[in-house]
Amino acid sequence: MIHHRYPLLFTPLDLGFTQLKNRALMGSMHTGLEEAADGFTRLAAYYAERARAGVGMIITGGIPPNAEAGFGAQLTNEDEVAQHRMITDAVHAADPDVKICMQILHMGSLAPNPQCVAPSAVKSRIGAFKPHELDDAGIEKQLADFAHCAALARKAGYDGVEIIGSAGYLLSTFLVQRTNLRTDQWGGSFDNRMRFVVEAVRRVRQALGNDRILIFRIAAMDMLDEGMAWDEVVQLAQAVQAVGVNIISTHFCWHEAPVPTIATMVPRAAFTEVTGQLRKLLKVPMITSNRINMPAVAEAVLARGDADIVSMARPMLADPELVRKAFEGREDEINTCIACNQACLDHTFGGHRQVSCLVNPRACRETLLNYPRATSPKRIAVVGAGPAGLAYSTVAAQRGHNVTLFDAAAEIGGQFNLAKRIPGKEEFHETLRYYRRMIDLHHVELRLNTPVDADLLKSAGFDEIIVATGIEPRQPALPGIDHPKVIGYIDAIRGRRPVGRRVAIIGAGGIGFDVAELISHAGPSAALDRDVFAREWGIDFKNHPRGGVTGVAPQVQSAGRTITLLQRKTEPVGRSLGKTTGWTHRIMLNRRGVQMQNGVEYLRIDDAGLHTLVNGEPKLFEVDTVIVCAGQVPKRGLFDELQARGIEAKLLGGAFEATELDAKRAIEQASFMAAAV
Ligand code: FAD
Ligand code: NAP
Ligand code: SF4
C-alpha cells in the first residue's frame, strides 16, 4: 500500500537477497554505553525501542575490529559476540523485519590510544597521539582483523555491516595525500591510496557472505583543501561497488575539517544534492544524511532523487517514535532534533561521556527513566513554562496527573523565546511546537498571562507545587551600570532598546556569543539559505573542487558594527562553549570582525564608554552601547514567599540553580522529577 503522505519513505527497498521495509535509517552513533558496565543491556533496550517504532534499518555505533583501532568496546572474540547477540536478539524480537547492521570503525590516528596506527606517522590536529606507521605485516593484520570482525558480526546475528571510510578514521587517511606519505603500493597514486580500502571491503565481503548487507560510508565531500577530488570520490565508490558493496552511504566530513556539517546553523538536508550527483554514477542504492530531522524533509530528499535511503541519526535520539508518528500522520507530535549537539556529540567528543539528548533525556536511558501511569493522580501546579516547567508538566500529565501550568508571559517557552531569535537557532521553534502539542495531547491546563503569587496557589489547594520561575539576569555592581548606554541582553535580543554602532558586551558565555551573533549578523540566516551557508563556509556544491571547499576566504556579511566581547577570566574567550560547536561560533564572529578580550577588569561606564583594566593596563572601550550578558541568578521571589507562608513547594530548573544552567539540565532534571512524582 502506498503511504498517502510519504509514498517514497514508506516504500520497501529490495536488495535482492533481502528487503528493507522502508527508507528510514537510524544512522550510526557511538553512545558511550558500549563501554559501560551494563551497557549492552541498555543498548539492546535503546535499539529495540527504535525498531518497535518502525525504523527500516539501524546502524550501530562504531565497533573497532581490534585493540589499536579504538579505546573501549571491540568485536574480536566469542565473549564479545555474546554481548552483541543481546542487541540483535532484542531488535529482531521487537520486529523481525527491521535490519540491524554493525558499523566497523577503525579510528586510525584518531584512536585515543598510544598504540594507534595509520598509513604514515602523521598526527591529526585533533588526535591524542602520533600514530605508528603500518609496515607490511601491520597492514596485513589490519585487513585480517576487518575480515574477522565482519565474520563475528555475522555470528552475533547482525544483518550486515557498515565500513566507515570517512571522517579522518583509518581508511580515509589512506585516501588523501596529507595523511598518506607512503611510496609503496599503498601510497602515491590514487589507485595505490585506495588499495587498502578496496582490499578491506573485499575481505569483509568474503567473511560476511553474500546473504548479508555490506554498506560502505564514503566522504563525498571531506571539507579539506587537500582532500579527495570529485573524480577520486567517484572512482572509489565504483571500486567498492565492484567488490560487492550493497549500499553506499555518503558522509560529508573529516572531524578536523573547519566546516560545520551537522550543527544547528547548517541548513536542513544541505548536502543531499551531492549524494544525488554520485547516485547517477552508481548502480547500488545510496544513503544520504546530515540535518534531515523531519519526515517531510526526508520525503523531499527522496523525491528529488538525491538518495534511496535517508539516514536520521540524532533525530532518532530526540524521538524514538519519529517513524511511527510520520506513518500515523502525527508529525506535530515529533520531538524534533534541534542539532544542538549538547547531549550527544558534545558528550562523545568531550571526554567519552554517555550520550543522551537535550530534548529527550530518556535517550540511552530507556531502562532507567520511564514514565509509568501514576497510581494515585495528583493535582499539580507548575509555575513557569520555560523548558523546565514544560518538560515537568507534560511528563507528569502524560503519567495521568492533573497539571495546571502557569506563566506570566503571553506564550510558553521562557528563555527559548529569546534563543529562537538568534540567527542559526531557528530549530528552537520546533521544541516549542512540540511542547504546545504535548500540552494539548495530555490535557495540561495552561494559564498564560498569569503572574502567580502565594495567594493564588494557596486558594487553589494543589497537592504539589513546582516552582520553575527561571532566572533573572545578573547586574554587575559597577559604577555607571544605570547609564543610558547600558542595556540588558533581553532588551537587546527582543529589540526593545536600540543598539549603537560601537558595542561592548560584558560577559562572553553562551548568551554573550549569541548576542554578538545577533548584532553582527546581516542578511538571511545561513540556516535558512543554503547559498549563504555555502558562501560563509567556502563550500562549492556545484563544481566539486578538492574536498568540496573553495580554498578561498569565505564571504561573510556583517552588520558593520564594531563589537568587543569581554570577559574577566584569562582563559581564551569561548572556552565554555560546546565542544563540537563552539569553534563554529568563534570562527564566524572572527570573520565578522568581532574582537574578543579576556583578562578584563571592569571599572566604570560613563559618556566616554566602558573603562577597564586589561591585564592590568587601563583601557577605554569608546562605545555607544554596553550590553550586559553577565550570567544569571535564580528567580526565587515566589518560592521565598511560599516558604514564608509555610506552603511546601519544589524548585526546578533555573529557579533551583542558575549557575551553568542550560536547557539540557533543565529538561533532564524536570523529566526525572516528573517521572518520580
Ligand atoms: P526559563 O526559561 O527562564 O523560564 C521561566 C519561566 O517562568 C518564564 O517563562 C517566566 O515568564 C515564568 N515566570 C517567572 N516567574 C513567574 C511567576 N511568578 N508567575 C508565572 N510565571 C513566572 N540553553 C541551551 O541549553 N542551549 C542553548 O543553545 C541555549 N541558548 C540560549 C540562548 C539565549 C539567547 C538564552 C537567553 C538562553 C539560552 N539557553 C540555552 C538557556 C536556556 O534557555 C535556559 O537554560 C532555560 O530556558 C532555563 O529554563 P527554565 O525553565 O529553568 O527557565
Ligand atoms: P555563562 O555561560 O555562565 O556566562 C556568563 C558570563 O558572564 C561569563 O562570561 C562570565 O565571565 C561573566 N560574568 C559572570 N559574573 C559576572 C560579573 N559579576 N560581572 C561581569 N561579568 C560576569 O552564562 P550565560 O551566557 O548567561 O548563559 C546562561 C546559560 O545558557 C549557560 O549555562 C549557557 O550554557 C546556556 N547557553 C547555551 C548556549 C549554547 O549555545 N549551548 C547558548 C546560550 C546560552 P567572567 O566571569 O570571566 O567575566
Ligand atoms: Fe539533537 Fe541536540 Fe538531542 Fe543531539 S542533543 S539529538 S543534537 S536535540
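Look up a bit, the structure's there.
Everything numeric here is computed off the predicted structure, so don't read it as measured data. (Residues numbered from 1 in each chain as written. Chains lettered and ligands numbered in written order. Predicted model: local features only at pLDDT ≥ 70, side-chain atom pairs only at ≥ 80, totals over all residues. Heavy atoms only, no water.)

Engineer: So what exactly am I meant to see when it comes to the sheet that holds strand β20 (residues 562–566) here?
Structural biologist: Paired through their backbone hydrogen bonds, the strands of a sheet run either parallel or antiparallel. Spatially, five strands are ordered β18-β25-β19-β20-β21 in an open sheet, and the strand pairing comes out parallel. The open sheet has two free edges, formed respectively by β18 (486–488) and β21 (595–597), since each of these has just one partner strand. On average, each strand axis in the sheet is tilted by 25° relative to the strand beside it, whichever way the strands run. Examined bridge by bridge, strand β19 (residues 502–506) and β20 share five bridges and lie parallel to one another. When the sheet's bridge partners are listed, Ile506 is paired in β20 with Leu566. On top of the sheet, helix α18 (residues 510–520) reaches β19, β20, β21 and β25 (625–628); it is set at about 175° to β20, its chief contact. (Pairing = 2+ DSSP bridges. Helix = DSSP H or I, 4+ residues; strand = E, 2+ residues; numbered from the N terminus. Axes fitted to C-alpha atoms, helices over the stretch in contact; angles between N-to-C directions. Contact = heavy atoms within 4.5 Å.)

Engineer: How should the site of ligand 3 be read in this particular structure?
Structural biologist: Ligand 3 sits among Arg314, Leu317, Cys337, Ile338, Ala339, Cys340, Asn341, Ala343, Cys344, Cys357 and Leu358. Residue composition of the shell around ligand 3, grouped by class: nine nonpolar, one polar and one charged. (Near = heavy atom within 4 Å. Nonpolar A, V, L, I, M, F, W, Y, C, P; charged D, E, K, R; others polar.)

Engineer: Looking at this model, I keep getting lost on the side chain of Asp159. Mind explaining?
Structural biologist: Along the polypeptide, Asp159 turns up in the loop between α3 (136–155) and β8 (160–165). We note that Asp159 is buried and unpaired, the nearest opposite charge coming from Lys99 at a distance of 4.8 Å. In this structure the side chain of Asp159 is engaged in a polar contact, spanning 2.7 Å, whose partner is the side chain of His92. Setting aside its immediate chain neighbours within four residues, Asp159 contacts His92, Val98, Lys99, Ile100, Cys101, Arg212 and Ile213. (Buried < 20%, exposed > 50% of the residue type's maximum accessible area, 1.4 Å probe, protein only. Lys, Arg positive; Asp, Glu negative; His and termini not counted. Salt bridge = Lys/Arg side-chain N within 4 Å of Asp/Glu carboxyl O. Polar contact = N/O pair within 3.5 Å; in protein donor to acceptor, adjacent residues only side chain to side chain.)

Engineer: Explanation requested: the pairing of strand β24 (residues 617–621) in the structure shown.
Structural biologist: Walk down a regular strand and you will see the side chains alternate between the two sheet faces. Judged from the five bridges that link them, strand β23 (residues 609–614) and β24 form a sheet pairing that is antiparallel. If you follow Val614 over to β24, its bridge partner there is Glu617. The antiparallel pairing of β23 with β24 creates a hairpin that spans two residues between the two strands, and Asn615 there sits at a positive phi of about 50°.

Engineer: Looking at this structure, how should I read the side chain of Arg362?
Structural biologist: In this fold, Arg362 is placed in the loop between α12 (345–349) and β13 (379–383). A distance of 2.7 Å separates a polar side-chain atom of Arg362 from the backbone oxygen of Leu369. Not counting residues within four places of it along the chain, the set of residues in contact with Arg362 comprises Glu49, Leu369, Asn370 and Tyr371.

Engineer: Looking at this structure, I do not really get helix α22 (residues 663–676). What am I missing?
Structural biologist: For an α-helix, 3.6 residues make a turn, and residues three or four places apart therefore share a direction. Its 14 residues give α22 an end-to-end C-alpha distance of 20 Å, which sits within 8% of 20 Å, the value for a rise of 1.5 Å per residue. Against α12, α13 (387–398), α14 (416–419) and α15 (428–441) lie the buried residues of α22. (Expected span 1.5 Å × (residues − 1).)

Engineer: Help me out: how do you make sense of the pairing of strand β16 (residues 464–467) in this one?
Structural biologist: Here β16 shows no split at all, with Glu464 and Ile466 on one side and Ile465 and Val467 on the other all buried. Here β13 pairs with β16 via four bridges, running parallel. Within the sheet, the bridge partner assigned to Val382 lies in β16 and is Ile466. Sheet analysis places β16 next to strand β27 (residues 650–651), joined by two bridges and oriented parallel. Pairing of Ile466 across the sheet is with Lys650, part of β27.

Engineer: What exactly am I supposed to notice about the site of ligand 1 here?
Structural biologist: Around ligand 1, the structure places 35 residues, and the nearest of them are Gln342, Asp407, Lys425, Gly654 and Ala663. Backbone polar atom of Ala388 to an oxygen atom of ligand 1: 3.0 Å apart, as the coordinates give it. Asp407 is positioned with one of its side-chain polar atoms (N or O) 2.6 Å from an oxygen atom of ligand 1. Burial of ligand 1 by the surrounding chains reaches 90%, relative to a free accessible area of 1,000 Å². The element best represented in the shell around ligand 1 is α14, accounting for three residues. Its residues assigned to classes, the shell around ligand 1 shows 19 nonpolar, 10 polar and six charged. Each of two domains, domain 2 (379–472 + 633–676) and domain 3 (475–522 + 558–630), supplies a minimum of three residues to the shell around ligand 1. (Areas by Shrake-Rupley, 256 points an atom, 1.4 Å probe, with all protein chains shown as cover. Domains from an automatic or database assignment.)

Engineer: Got a minute to help me understand helix α2 (residues 78–94) in this structure?
Structural biologist: Its 17 residues give α2 an end-to-end C-alpha distance of 24 Å, which sits within 8% of 24 Å, the value for a rise of 1.5 Å per residue. Remark: the principal bend of α2, roughly 25°, maps to His84. Every buried residue of α2 is accounted for by Glu80, Val81, His84, Ile87, Thr88 and Val91. For α2, the elements touching its buried residues are α1 (39–52), β4 (57–63), β5 (99–104) and α3. The N-cap of α2, judged by a side-chain oxygen 3.1 Å from the amide nitrogen of Asp79 a few residues on, is Asn77. (Bend = angle between axes of the 7 residues up to and from the residue.)

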